[in-house]
Amino acid sequence: MNNKLTGTSAAILYAVTAAMMIFILAPIVLIIATSFSDSYFVTFPPEGFTFRWYGEVLQNEEFTSGLTFSIGLAVATTVLSVAMGVPAAIALTRGRFVGRSLLKGLALSPLIFPVLVTGLALLQLFSGYGWMDTKLKLLIAHTVVTSPYVIRTVLTSLQLVNPNLEEAARTLGATRWKTFTRVIFPQIAPGVASGSIFCFMVSFDNYPVSMWLADSANLPVPIVLYRQIGTVFDPSVATMSTIIIALAIAVVLVLDKLVGLRKAMAM
Amino acid sequence: MKSVEVRLEKLTKHYLGQVIAVDNVSLTVKAGEILALLGPSGCGKTTCLRMIAGLVDPTSGEIVVGGKPTTHTPVHRRNVGMLFQNYALFPHMTVAENVAFGLEMRGVGKAAREKRVRDALDLVQLNTFGDRLPAQLSGGQQQRVALARALVIEPSMLLLDEPLGALDKGLRESMQVEIRSLQQRLGLTTIMVTHDQDEALTMADQIAVMHQGNLEQIAPAGEIYRKPKTRFVAGFIGASNFFEATVTARNGHAAQLAAASGVSLQAEDMGSVQGDKVIVTVRPEAVTVAPLVGEGQTTGANMAVATVEQVVYRGFMLHYYLRLANGEPMVAYRQTQTEGFGNVVSAAGDRVLLSWASDANHVIQIN
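Residues numbered from 1 in each chain as written. Chains lettered and ligands numbered in written order. Predicted model: local features only at pLDDT ≥ 70, side-chain atom pairs only at ≥ 80, totals over all residues. Heavy atoms only, no water.

(A) Representation of the environment of B:Arg132. Residue and element names in this part refer to chain B. Turning to its location among the elements, arginine 132 is positioned in the loop between α3 (110–123) and α4 (139–151). Classification of arginine 132 by relative accessible area gives partly exposed; the value is 35%. Measuring from C-alpha to C-alpha, the distance between arginine 132 and valine 95 comes to 5.8 Å, with 37 residues separating the pair along the chain. Not counting residues up to four positions away in its chain, the partners in contact with arginine 132 are Thr94, Val95 and Leu137. (Helix = DSSP H or I, 4+ residues; strand = E, 2+ residues; numbered from the N terminus. Buried < 20%, exposed > 50% of the residue type's maximum accessible area, 1.4 Å probe, protein only. Contact = heavy atoms within 4.5 Å.)

Take a look at the structure:
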């Protein structure tokens, strides 16, 4: 069996793939290049090479506090989403109750719902109850948006777990909890990890929900970035973006090392 | 290992909005015996097994193990060893870790655990495989690991859920013998689920045939083959020829019967069968096939003239597919050596004379 492409079709395929890669990566490469640009404006092509913007950006308190705030918010959101999403996914796959498929649809609905609308709805809800704690509001709102990612990836990996494994563990004397920690969780760990990455990323660069709920004391980094562009359009914005990209890649690499993410994504 | 008796008392399982899965099943598995729950898919045999394991809660009825009711004992405290068709080995654990799992759950110390895991792997001749992952083993090896994992906890009984269904024929047969001899050596009460009558006959001391949630018959392997109680059992275990017949005369246990197809039958033992309308079964291997001498040849009891429709060569057996004068089918199995035509095999279209001994007629009561 030899499925290797040859001749013209191979050439076309390579060309399309290359075009696709350029299409996806060019803006990112451009941003990274601009972050080292030695000029006071965003120019194309970038001029010279300097680390000046990095020094400046890391001195920029608004940015650094926005960055720490967003990392904190994204981590808390991810933890909360996993803590709720995994049990929810288990109930949705293993449970036998009326309205299960309806619930499944509801649990996944924030994925297809416009996030902007979700944010506005939550703003109305929170102000209706007179809630003041911005951090808590942001955490709840982000979790509403991100938990379906965990539910979905965990649902998918649970469906691939042989239900007899659970039963085998139970007959061998494992309690429900032991069965989960020793048998089920190791099976779904890659799914939990990829769901966590989605959660982290979606929360970390969320603008449309945060926009409604943030206040000047609690500014996530995407909002800081947007404000920055509104005032000055120098390469520092690109530098901030590059730092964010580096952070995102770091998160993916760490999780890949921990649980073998590539395997999970390939599912 | 101490053998225990397992008793099911009026065990019933209803699923909401579905037909009854298991209906009022009572049976006893003697200590140290293998019982096979045999039946077509959907007959309730698997639900029965899962209730014994504790994986399914019965709607009503009682499960008594070693004299103690265990119906409401949670599954992880029942101490059963269970084998699944797909082995259900934990894919992220090595063979040794898989086998050690049950011991770990019981809080057995590390040193004792390691020794018992080694012994269990010795038992299934996989002592050099401890460090491998399940995915690196063949199907047969995986099921032997599952067997070691089930036996190492010294279970009060072994439950087998179509454990060999995924293996190919040769391996399946050798595993049947291996499990059977291991079970006998350990004296472990065993309940197995299968849809394969050969597997049930090979491995089980007693066979319980189930059909649509009901227990049709429970009997030792030989008896269930020779004396099926219902038409379903007669048709499910081996093949049978059926005659709908009317009793014309009784003489003690013996009786003369007239079949609807015009064949007259002589039965030696009516058993406890009541009523005049009955079904008579005749095993295909009891039917002799001989060339018809002349069309006018008289036929007595337990004889019939038939037309050969097809002869299938099955190695040491010939299967004759026949049709009686009134259109009813019959089947006869003859050993190739004793074939009635000498070396000439009869062909489709031949007219033949069928006959069988009167003790081959087994009478089944119609309910």
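(B) Geometry of the environment of B:Gln212. In this structure, B:Gln212 sits in the loop between β9 (206–211) and β10 (214–220). Between the C-alpha atoms of B:Gln212 and B:Lys45, which are 167 residues apart in sequence, the distance is 9.4 Å.

(C) Up close: the sheet that holds strand β16 (residues 303–314) of chain B. Residue and element names in this part refer to chain B. The strand order β15-β19-β16-β17-β18 describes an open sheet built from five strands, whose pairing is antiparallel. The sheet terminates laterally at β15 (288–291) and β18 (329–335), the two strands that pair on one side only. Neighbour-to-neighbour, the strand axes of this sheet turn through a mean angle of 45°, independent of strand direction. Direction of pairing for strand β17 (residues 317–324) relative to β18: antiparallel, over a ladder of seven bridges. (Pairing = 2+ DSSP bridges. Axes fitted to C-alpha atoms, helices over the stretch in contact; angles between N-to-C directions.)

(D) Helix α6 (residues 134–159) of chain A, seen in detail. Residues and elements named next belong to chain A. Here α6 contains 26 residues, and its C-alpha end-to-end distance of 38 Å stays within 8% of the 38 Å for a straight helix at 1.5 Å per residue. Maximum bend of α6: about 40°, positioned at valine 144, with proline proline 148 one to four residues after it. Regarding α6, its N-cap is aspartate 133, as a side-chain oxygen of that residue lies 3.1 Å from the backbone nitrogen of lysine 135 further along. (Expected span 1.5 Å × (residues − 1). Bend = angle between axes of the 7 residues up to and from the residue. Polar contact = N/O pair within 3.5 Å; in protein donor to acceptor, adjacent residues only side chain to side chain.)

(E) Here's a closer look at the packing of aromatic side chains. Residue and element names in this part refer to chain A. Under the counting rule described, the total for this entry stands at 13 aromatic pairs over all chains. Between phenylalanine 36 and phenylalanine 49, the aromatic rings sit 5.1 Å apart at their centres with planes inclined by 15°, giving stacked as the arrangement. Note that phenylalanine 36 is positioned in the loop between α1 (7–35) and α2 (52–59) and phenylalanine 49 in the loop between α1 and α2, a separation of 13 residues in sequence. Here phenylalanine 36 falls in the buried class, since its relative accessible area comes to 18%. Given a relative accessible area of 55%, phenylalanine 49 falls into the exposed group. Their ring planes at 15° and their centres at 5.5 Å tell us that phenylalanine 200 and phenylalanine 204 sit as a pair that is stacked. (Phe/Tyr/Trp six-rings, centres within 6.5 Å; stacked < 30°, edge-to-face > 60°.)

(F) The arrangement of the interface of chain B and chain A in detail. The partner chain A presents 17 residues to the 21 residues of chain B that form the contact. Sorting the residues of chain B by area buried against chain A places B:His76, B:His92 and B:Met105 first, and these three jointly supply 29% of that buried surface. On the surface where chain B and chain A come into contact, there are two salt bridges. The residue A:Arg182 makes a salt bridge to B:Glu104 at a minimum N-O spacing of 2.4 Å. Taken together, the links from chain B to chain A amount to eight residue pairs in polar contact (both at pLDDT 80 or more). Broken down by secondary-structure element, the contributors of at least two residues to the side of chain B that touches chain A are β6 (80–83) and α2 (95–105) of chain B. The element contributing the most residues to the side of chain B that touches chain A is α2(B), with four residues. Considered class by class, the residues forming the side of chain B that touches chain A number 13 nonpolar, four polar and four charged. (Buried area = accessible area lost by both parts, 1.4 Å probe. Salt bridge = Lys/Arg side-chain N within 4 Å of Asp/Glu carboxyl O. Nonpolar A, V, L, I, M, F, W, Y, C, P; charged D, E, K, R; others polar.)

Limitation: the analysis is restricted to geometry and does not speak to function.
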